[in-house]
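Here's the letter readout for the chains.
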Amino acid sequence: MLKRLLLLILVSVCVLLIILTSFWLNLNSNTITPWLENQLNSQLPRPYSTKIRNVETRLSGLIIDRLDLHDSTTNQILLTINAAALKINPFDLIAFQQIGYYAELYEGMIEGDLDIFPDKSINMKISDIQINRNPYIRKTNLIVSNPQLNGEGSYLFAEKPIGQLTLSLDRLKLSGKSDHTGLPFEFPTTNIEWVKSGLSIDDDTLELRVSSLGDFSANLEGKLGLNWKALSKSTLDLALKGKLDSKYESGLGFFKEILVNYKNTAGQISVKIKGNLNRPQVVRN
């Protein structure tokens, strides 16, 4: 009797799995593509939106063919993900309520896990993304090298979101031409060996720490009061301390004299940055 019951349960489970698998594999991409697009857009701040070319279901999960992140006001593409996938492993989904994912962009990769219970959260690892392949960045001609971005982080999707992110960028070379910087004067080309940053978000507060080594070796830290509805109006409370390489500083021309007003008694640049993102105010600290 027990053997029959176990056999009946096993057969029922197998039949159920076959039905679910068949249903999953036969989902229409014309239906699932706009559904996933709407789900992503519901999580984004208002100025941004996504557009997905196509979504297909496979035994291994969900395959996304090209995803573009747009600035909703200008419809300009800010970021392109060439391919992405949600790796839906039945064991991980049942035991850990977890879905794996990866995204290929600019010759690099973002990968990690999505936790869907009890809270929605994401963790990620960022590997070898060549940021200067991004058309939005590249058309500025500001970066004249091919730096690679690496990092890791996590984010909790909640009414009061919490997240952490560490990033590193190496071999960064910046143009000093006024056509590229938008400034009325020219700088020498700026060489930065590395930039490292740490960010943490708690509700509407972002704590920021950035350090660099190179022609401009600096430490920046402080807080941003985030305005999720209009990020450009987010408030700043930052402190910057740094020192210029002597050879680089000698090539700054008259701008070198302006910097004297922002140096402390030790000869370091030391400033406070207040105001908001679209109108920062810089004063000597």
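Residues numbered from 1 in each chain as written. Predicted model: local features only at pLDDT ≥ 70, side-chain atom pairs only at ≥ 80, totals over all residues. Heavy atoms only, no water.

Asker: Just to check I follow, could you spell out the overall build of the protein chain for this structure?
Answerer: Within the protein chain one finds 7 helices and 14 strands. Relative to its 285 residues, the protein chain shows a buried fraction of 28%. Taking the intrachain contacts of the protein chain between residues at least 6 apart in sequence as the baseline, contacts between residues at least 24 apart amount to 37%. (Helix = DSSP H or I, 4+ residues; strand = E, 2+ residues; numbered from the N terminus. Buried < 20%, exposed > 50% of the residue type's maximum accessible area, 1.4 Å probe, protein only. Contact = heavy atoms within 4.5 Å.)

Asker: Teacher, can you tell me more about the packing of aromatic side chains here?
Answerer: How two aromatic rings sit relative to each other is given by the distance of their centres and the angle of their planes. Applying the stated rule across the entire model yields 2 aromatic pairs. Summarising the aromatic geometry, the rings of Tyr155 and Phe157 are spaced 5.0 Å apart at their centres and angled 75° between planes, so their arrangement reads as edge-to-face. On the basis of relative accessible area, Phe157 is assigned to the partly exposed category, the value being 32%. Aromatic pair Phe187 and Phe255: ring centres 5.0 Å apart, planes at 85°, arrangement edge-to-face. Within this pair, whereas Phe187 is found in the loop between helix H5 (178-181) and strand E9 (190-202), its partner Phe255 is found in helix H7 (residues 255-259), the two being separated by 68 residues in sequence. Directly above the ring of Trp194 sits Lys196, whose terminal nitrogen or CZ lies 4.8 Å from the centroid. (Phe/Tyr/Trp six-rings, centres within 6.5 Å; stacked < 30°, edge-to-face > 60°. Lys NZ or Arg CZ within 6 Å of the ring centre and 35° of its normal.)

Asker: What is the right way to look at the environment of Lys223 in this model?
Answerer: Inspection of the secondary structure puts Lys223 in strand E11 (residues 216-225). In this structure Lys223 comes out as partly exposed when scored by relative accessible area, which is 43%.

Asker: I would appreciate a short explanation of the nonpolar core in the present structure.
Answerer: Side chains of nonpolar character tend, in soluble globular proteins, to be buried together. Formed by 23 residues in total, the largest nonpolar core has its most connected members in Val55, Ile64 and Ile129. Mapped by element, the contributors of at least two residues to this core are helix H2 (29-41), strand E1 (48-58), strand E2 (61-71), strand E3 (76-87), strand E4 (98-105), strand E6 (120-130) and strand E8 (162-174). Excluding residues within four positions of it along the chain, Ile129 makes contact with Leu105, Tyr106, Gly108, Met109, Ile110, Pro147, Gln148 and Leu149. Ranked by size, the runner-up nonpolar core spans 18 residues in total, among them Leu240, Tyr248, Leu252 and Ile273. (Core = buried A, V, L, I, M, F, W, Y, C linked by side-chain atoms within 4.5 Å.)

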